[in-house]
2 protein chains.
Amino acid sequence: MHLLTLRRMKNSEAKSRAVIEQVSPVIDGGLFPIKRIPGEWVNVEADIFGDGHDYLSARLQYRKEGTKKWKEVPMVHQANDRWKAAFRVEDTGFYEYAVLAWIDHGITWLNGFMKKAAAGEPMEVELQIGLKFLERMAEEKGSEQKFIRDTIALLRDSDHYQDAIQVVMGERLREFFESNKLRENLSVSQSFQVLVERKKALFSAWYEFFPRASSPDPGRAGTFRDCEKILPLIAGMGFDTVYFPPIHPIGNSFRKGKNNSTTAMPGEPGSPWAIGNSEGGHKSINPELGNFKDFEKLVNSAEKLGIEIAIDLAYQCSPDHPYVKDHPQWFRWRPDGTVQYAENPPKKYQDVLPIHFENDDWKNLWEELKSIVEFWIGKGIRIFRVDNPHTKPFVFWQWLMAEMRRDYPEVIFLSEAFTRPKIMARLAKVGFQQSYTYFTWRENKQELEQYMHELCGTVSREYFRPNFWPNTPDILPYYLQNTGYTQSAIRFILASTLSSSYGLYGPVFELLENEPMPGKEEYLDSEKYEVRHWDWQTKTPFHNLIKRINLIRKENEAFQNTFNYQPCQTNQDQLMAYFKTSGTNMILVVLNLDPVHKQNGWVQLPLKELRVEEGQVIELEDLLNDKTYHWNKEWNYIELDPAHTLAHIFRIQLYHR
Amino acid sequence: MHLLTLRRMKNSEAKSRAVIEQVSPVIDGGLFPIKRIPGEWVNVEADIFGDGHDYLSARLQYRKEGTKKWKEVPMVHQANDRWKAAFRVEDTGFYEYAVLAWIDHGITWLNGFMKKAAAGEPMEVELQIGLKFLERMAEEKGSEQKFIRDTIALLRDSDHYQDAIQVVMGERLREFFESNKLRENLSVSQSFQVLVERKKALFSAWYEFFPRASSPDPGRAGTFRDCEKILPLIAGMGFDTVYFPPIHPIGNSFRKGKNNSTTAMPGEPGSPWAIGNSEGGHKSINPELGNFKDFEKLVNSAEKLGIEIAIDLAYQCSPDHPYVKDHPQWFRWRPDGTVQYAENPPKKYQDVLPIHFENDDWKNLWEELKSIVEFWIGKGIRIFRVDNPHTKPFVFWQWLMAEMRRDYPEVIFLSEAFTRPKIMARLAKVGFQQSYTYFTWRENKQELEQYMHELCGTVSREYFRPNFWPNTPDILPYYLQNTGYTQSAIRFILASTLSSSYGLYGPVFELLENEPMPGKEEYLDSEKYEVRHWDWQTKTPFHNLIKRINLIRKENEAFQNTFNYQPCQTNQDQLMAYFKTSGTNMILVVLNLDPVHKQNGWVQLPLKELRVEEGQVIELEDLLNDKTYHWNKEWNYIELDPAHTLAHIFRIQLYHR
């Protein structure tokens, strides 16, 4: 608690009678910035009150960092001393905001004046008091100088008593009082930060595949050149981000074989996450994939198709990584002179060495790790999917993200952490632009709605941008194992319409290649350990669905934000419905969660959010099935048969009376 | 957000891998201390986690401010990365606490050792690693020096491989590791304060009366000497605090007459809250009540009866107060040379001048206001009921309370603010030891339970100590108007058993003098504006009830804390039940909220809190009605007839099998 001593206290401190508490949105007392993209709003609230019964005024002030001038928005009292105002961020970079409040003596006087005049009291003295306010306020520059000079003259002239009263009671004088900057004994809150990042941080559709799986020739592994030929297919489905597992040289020592066996047969390619061998480490390309020229050509081709290439940032080393010899101090060594590999006793992961962050050479280590990112930025990469960020110190990420924001604000990091919720949250707070989520294991309606509430209805929304993945090379969830089209389609529709960022690991997803390792949530014959060959060219119903929904997402702003999610009630558990809106774009999604049976029931329209009343006709255009409906009730009948229709994606049109 | 630059970052910062978040209890990020009385516990929780899978250790540390040595309690993981520990405060004054956490490499190694040894792996290298930990740990002083020296010798000796393994796997070595202070790269939370105040801050029974109403002679007003004769009656009822409305000279200008009329008749005594006339101000005594000698004699007599006298601290002045002439700068003056009285336009309160806190002479003003408190402390007063604290700046109170805590830590201030909740909360945060509440208007079960939850089930409990008043000279709630014994008795039982501090304004309360001003929540012929005479000597049933319950409160620790309140379910709305426990003292209160009709129903015993199972017999001794019951079910039948029994106050005794 601040020790208040009279000697040290400033006049402004002692006389500030307005109290500002509980400003929101604020993360951990302001330790971390809240996040936005350009065009988004920041809705600021605060508890504001003063002693006594005088009139209180409050403003929200904000500015882009680096600019000098604050902009202001009047705060409006809601209820129970909670005040509110909002501002819109326009550009990427940092903004800051704070709350101001003061006892507004001018308006206190003006309000008293109105009441006393209405009660027919003599107003001479009140006019003289007002004159003093006006004289001081006139010192502030403003557009009303002439009006104020005239009013002052009028108030000084006792012959125009009635006229003076009329002017004081007029709207123009009140407006002048409300806009005047004469603010005595102002209270100012702490200042808080908003980090505005490019739109893609919030809105993106990812497609992951193993570049070595791109070969059309079953006799050889795929290369970057093969990948380039696949890109148009992926762009055709509407994805904007293609993410590759690590593309670096793969370690030979303790190389893993097919299905994660501990000994690889000669010729087995190994896991791309065992990074580094005598041919190089994190700044090298696995020669089997091609060379830097091929890679840069691929990145350029992708760009022309509207696709950004994302690479994997896996800060770990195979025992053959050049770092191990060149920087032994970055690893842990055992008394017998061997290097410490990853382990979860008694299990051993000898093909991967974790970096020992608590080493005395940490400054050089951090700089080197940063230089890896900068190296790939130099090759045209702006998006990194970070492998296991939760096994590296949070403080390191906090530093790296701050460095990146300063020098490359367009770079996006996706946090691959499927771990404990507070750890995932912390990674987002320290700066990861996007995060993997538990969506992968949220299956029934209650689980999904509860999880959406966690993401959208709590302070989490201010820093944690979810990216929904139905599957990854590490996870083939039980729900999707050995199943057909409808199961996968439900998961795809949920991911892509609940979250503005989502991703698929393909082509296994759309090809329904979903045989698991028995009893595990893992793919059998996983691409992590071997080269697979896929039929990239044949179109399945999935390709049409994906293409359609990605197009809907692009054409409807409501899908370009996650946090506008609002659940809608239905009368049964297999029917899930949600409403999303952005500006005039209003979307209602209704989904049958049952992959087998036809389900019917009733869905409640969010009349309040739509600002319509029961009885008013609205038009619902089903963007997925090209039909149009007209509803005029709050509760409406829905029937969804997975044999032909899994979901409605309604765009709502209002008819104005 | 902290800007992290490598150049500025310390090794300790860069290597600290444990994260500490969301420490509780904490008020407004630590801006204000939490409050306790001696013997109370502080239950501290925090989110604690690290990167990776290493073993994490955490400690709660605390100390009395001014002492150098921290004490420590191990924190224990609960669930979802929430950790917990508690400490007890013993003395009044400030304590501080903080949370420590670190990646515990020693225990990480030890845990791995156990698993590897169990898996039959070769342990030579593991023993060498352990040796290094032990050698470093041995540098810390501790009681286990010999054991550790021996263990080190054993581990160095390769001939005793199996013995070494046995010792490493033993409980004694683990205990040594757990207690050792070798903590690398420690993370430490912000440090937070606890303010420990004397027990009376939490546990008190107040009785308010107008000293001028103490006269046994209808022909004259009461004096301090008359009050002295009444004290034994009040002590006999079991009260420990007697509070007097202001005892200072009363202003003559604009003196209020009977029933708040704006003109007083000659001889009318005026409102004691219009403080000050030519005979003095806040440091003087109204000569009609007596002199300082009388007052001090009264305070001493009270002390012998176990009663503390509380006086009213009303920072406001009648127009005749000496301050108005001597310190005109402390008031607001109008252009016509008149002083600004209190007003709520068009209403005028001309008998009271508010102090103008935003004046340039505020330092002298604050010192003078403080000197008033010190003056009365000099006369033996330790408790002040503060009139309308919400009309004086919060920052002034914050300063005054800090000054008082430093110099007179035993002083208690009761905040008389029946205003907006956040304002009442702020006054408690800045230091008021007790607060008036909305209890006065919480009547039915749902209202009462919800309000108790606000007070006891939220962060409010850390700083806001409620004092429940069924009535005050300002408030005769509608519920009590023109009613008989049972209504008032219900309100009394609720106040005195829900809250460890409560108060009555008497003798109107126990004499059932409850005629209102028509249509208002005010007393007719209020003592605020005239001298009333009461029959102080006749005992009513109320005296017995009050005496009994005050005795029960003194004999049962469970009633000496408010925040141990736990609601119990009943099957109907007129039966309210709650459980309170302190140590082995367990109390169940069951109350009929219906003042007229007999009510019956079922009450649920809190089996979990009682730590008994259904079927086990417990004994319930009704402290109010001298009957004993035996229950062995979770749900139990209750019947309460207001004609003879309004409530049970059960003390619960467990039979141990």
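Residues numbered from 1 in each chain as written. Chains lettered and ligands numbered in written order. Predicted model: local features only at pLDDT ≥ 70, side-chain atom pairs only at ≥ 80, totals over all residues. Heavy atoms only, no water.

## Examining the overall build of chain A
Right, on to step 1. Helix and strand counts for chain A stand at 16 helices and 29 strands.
Right, on to step 2. Here the C-alpha coordinates of chain A stretch approximately 110 × 65 × 45 Å along the principal axes.
Right, on to step 3. Classification of the 657 residues of chain A by burial places 59% in the buried group.
Right, on to step 4. A separation threshold of at least 6 residues defines the contact pool for chain A, and within that pool the share at least 24 residues apart is 75%.
Right, on to step 5. Of the roughly 27,400 Å² of accessible surface on chain A, a fraction of 49% belongs to carbon and sulfur atoms.
Right, on to step 6. Positive and negative side-chain charges of chain A, numbering 80 and 89 respectively, have mean locations separated by a distance of 3 Å. (Helix = DSSP H or I, 4+ residues; strand = E, 2+ residues; numbered from the N terminus. Buried < 20%, exposed > 50% of the residue type's maximum accessible area, 1.4 Å probe, protein only. Contact = heavy atoms within 4.5 Å. Areas by Shrake-Rupley, 256 points an atom, 1.4 Å probe, with all protein chains shown as cover. Lys, Arg positive; Asp, Glu negative; His and termini not counted. Charge placed at Lys NZ, Arg CZ, Asp CG, Glu CD.)

## Examining the pairing of strand β11 (residues 204-208) of chain B
All names here are of chain B.
Right, on to step 1. Along β11, five of the five residues are buried, which leaves the element largely enclosed by surrounding structure.
Right, on to step 2. Burial along β11 is two-sided: Ser204, Trp206 and Glu208 facing one way and Ala205 and Tyr207 facing the other are all buried.
Right, on to step 3. Relative to strand β12 (residues 241-244), β11 runs parallel, the two sharing three bridges. Following the sheet pairing, Trp206 is matched in β12 by Thr241. (Pairing = 2+ DSSP bridges.)

## Some points on the sheet that holds strand β7 (residues 82-88) of chain A
Right, on to step 1. The strand order across the open sheet formed by four strands is β1-β3-β7-β6 (chain A), and the pairing between neighbours is antiparallel. Only two strands of the sheet have a single neighbouring strand rather than two, namely β1 (18-24) and β6 (76-79) of chain A. Neighbour-to-neighbour, the strand axes of the sheet open up by a mean angle of 35°, direction not taken into account.
Right, on to step 2. Sheet topology places β1 of chain A next to strand β3 (residues 41-50) of chain A; five bridges connect them, and they run antiparallel. When the sheet's bridge partners are listed, Ser24 of chain A is paired in β3 of chain A with Glu45 of chain A.
Right, on to step 3. Those strands touched by helix α12 (residues 421-430) of chain B are β1, β3 and β7 of chain A, and its axis lies near 70° from that of β3 of chain A. (Axes fitted to C-alpha atoms, helices over the stretch in contact; angles between N-to-C directions.)

## Points about the side chain of Gln316 of chain B
Residues and elements named next belong to chain B.
Right, on to step 1. Within the secondary structure, Gln316 sits in strand β14 (residues 316-317).
Right, on to step 2. Residue Gln316 is classed as buried on the basis of its relative accessible area, which comes to 10%.
Right, on to step 3. In terms of polar contacts, Gln316 uses its side chain to reach the backbone carbonyl oxygen of Trp273, at 2.9 Å.
Right, on to step 4. Apart from the residues within four sequence positions on either side, Gln316 is in contact with Trp273, Ile275, His282, Val352, Leu353, Ile355, Asp387 and Lys392. (Polar contact = N/O pair within 3.5 Å; in protein donor to acceptor, adjacent residues only side chain to side chain.)

## Things to note about the environment of Val603 of chain B
Residue and element names in this part refer to chain B.
Right, on to step 1. Assignment of secondary structure puts Val603 in strand β25 (residues 599-604).
Right, on to step 2. Owing to a relative accessible area of 0%, Val603 belongs among the buried residues under this scheme.
Right, on to step 3. Not counting the four nearest positions on each side in its chain, Val603 is found in contact with Gln569, Thr570, Ala577, Val590, Glu634, Trp635, Asn636 and Ile638.

## Focus on the relation of the copies chain A and chain B
There are two copies of the chain, and a rotation about an axis plus a shift along that axis relates them.
Right, on to step 1. With an RMSD of 0.1 Å, the fit of chain A onto chain B corresponds to turning through 180° and sliding 0.0 Å along the axis. Each copy turns onto its partner about a two-fold axis. The C-alpha atom lying nearest the rotation axis in chain A is that of Gly29 of chain A; the distance is 3.4 Å.
Right, on to step 2. Taken together, the interface assignments show that 100% of the residues at the interface of chain A recur at the interface of chain B, consistent with an identical surface on both copies. (Least-squares fit on C-alpha atoms with pLDDT ≥ 70 in both.)

## Digging into the pattern of salt bridges
Right, on to step 1. Within this structure, the stated rule accounts for 96 salt bridges over all chains.
Right, on to step 2. Asp474 of chain A is the salt-bridge partner of Lys528 of chain A, the closest N and O atoms lying 2.4 Å from each other. Of this pair, Lys528 of chain A sits in the loop between β21 (501-505) and α15 (541-555) while Asp474 of chain A sits in the loop between α13 (445-456) and α14 (485-498); the two residues are 54 residues apart in sequence, bridging distant segments of the chain.
Right, on to step 3. Residue Lys528 of chain A is classed as buried on the basis of its relative accessible area, which comes to 14%.
Right, on to step 4. A salt bridge links Arg136 of chain B to Glu184 of chain B; its shortest N-O distance comes to 2.5 Å. In this pair, Arg136 of chain B sits in helix α3 (residues 124-137) while Glu184 of chain B sits in the loop between α6 (171-179) and β9 (187-188), placing the two residues 48 residues apart along the sequence.
Right, on to step 5. Residue Arg136 of chain B is classed as partly exposed on the basis of its relative accessible area, which comes to 33%.
Right, on to step 6. For Glu184 of chain B, a relative accessible area of 26% corresponds to the partly exposed category.
Right, on to step 7. Overlapping salt bridges, with partners in common, bring together Arg17, Asp51 and Asp54 of chain A together with Glu358 of chain B in one network. (Salt bridge = Lys/Arg side-chain N within 4 Å of Asp/Glu carboxyl O.)

## Details of the interface of chain A and chain B
Right, on to step 1. Facing the 74 residues of chain A at the interface are 74 residues of chain B.
Right, on to step 2. Interface of chain A and chain B: buried area, both sides summed, is about 6,800 Å²; carbon and sulfur atoms make up 56% of it.
Right, on to step 3. Here Arg17 of chain B ties to Glu358 of chain A by a salt bridge, and the two come within 2.6 Å at their closest N and O atoms.
Right, on to step 4. For the interface between chain A and chain B, the tally reads 28 residue pairs in polar contact (both at pLDDT 80 or more).
Right, on to step 5. Put simply, the parts of the chain that give the side of chain A that touches chain B at least two residues each are α1 (11-15), β1, β3, α2 (105-118), α3 (124-137), α10 (362-378), α11 (394-407) and α12 (421-430) of chain A.
Right, on to step 6. Of the residues in the side of chain A that touches chain B, the class split is 25 nonpolar, 18 polar and 31 charged. (Buried area = accessible area lost by both parts, 1.4 Å probe. Nonpolar A, V, L, I, M, F, W, Y, C, P; charged D, E, K, R; others polar.)

## A short note on the nonpolar core
Right, on to step 1. Among the nonpolar cores identified, the biggest contains 161 residues, and Tyr97 and Trp366 of chain B are the most heavily contacted of them.
Right, on to step 2. Grouped together as the second largest cluster of nonpolar side chains are 160 residues, Ile285, Ile355, Leu414 and Ile490 of chain A included. (Core = buried A, V, L, I, M, F, W, Y, C linked by side-chain atoms within 4.5 Å.)

## A few points about helix α6 (residues 171-179) of chain A
Two residues of an α-helix separated by three or four positions point the same way, owing to the 3.6 residues in each turn.
Residue and element names in this part refer to chain A.
Right, on to step 1. Buried within α6 we find Leu173, Arg174, Phe176 and Phe177. Seen end-on, α6 carries its buried residues on one side only, within an arc spanning 160°. The exposed set on the far side of α6, more than 90 degrees from its buried face, consists of Glu171 and Ser179.
Right, on to step 2. Where α6 is buried, its residues meet α2, α3, α4 (145-156) and α5 (161-168). (Arc of directions from axis to C-beta.)

## Focus on the environment of Ala201 of chain B
Right, on to step 1. Residue placement: Ala201 of chain B occurs in the loop between β10 (192-196) and β11.
Right, on to step 2. Ignoring sequence-local partners within four residues, the contact set of Ala201 of chain B consists of Ile412, Gln433, Gln434, Arg465 and Ser501 of chain B.

## Quick word on the packing of helix α10 (residues 362-378) of chain B against helix α11 (residues 394-407) of chain B
All names here are of chain B.
Right, on to step 1. Between α10 and α11, the least distance of the axes is 11 Å, while the angle of their chain directions is 40°. Comparing the axis directions of α10 and α11 gives the class oblique. In this structure, the crossing between α10 and α11 has a hand that is right-handed. Listed contacts from α11 to Trp366, Glu367, Leu369, Lys370, Val373, Glu374 and Ile377 of α10 are Val395, Phe396, Trp399, Leu400, Glu403, Met404 and Arg406.
Right, on to step 2. Residues of the contact of α10 with α11, tallied by class, amount to nine nonpolar, no polar and five charged. (Parallel < 35°, antiparallel > 145°, perpendicular 65-115°, else oblique. Left-handed = near helix turned anticlockwise from the far one by under 90°.)

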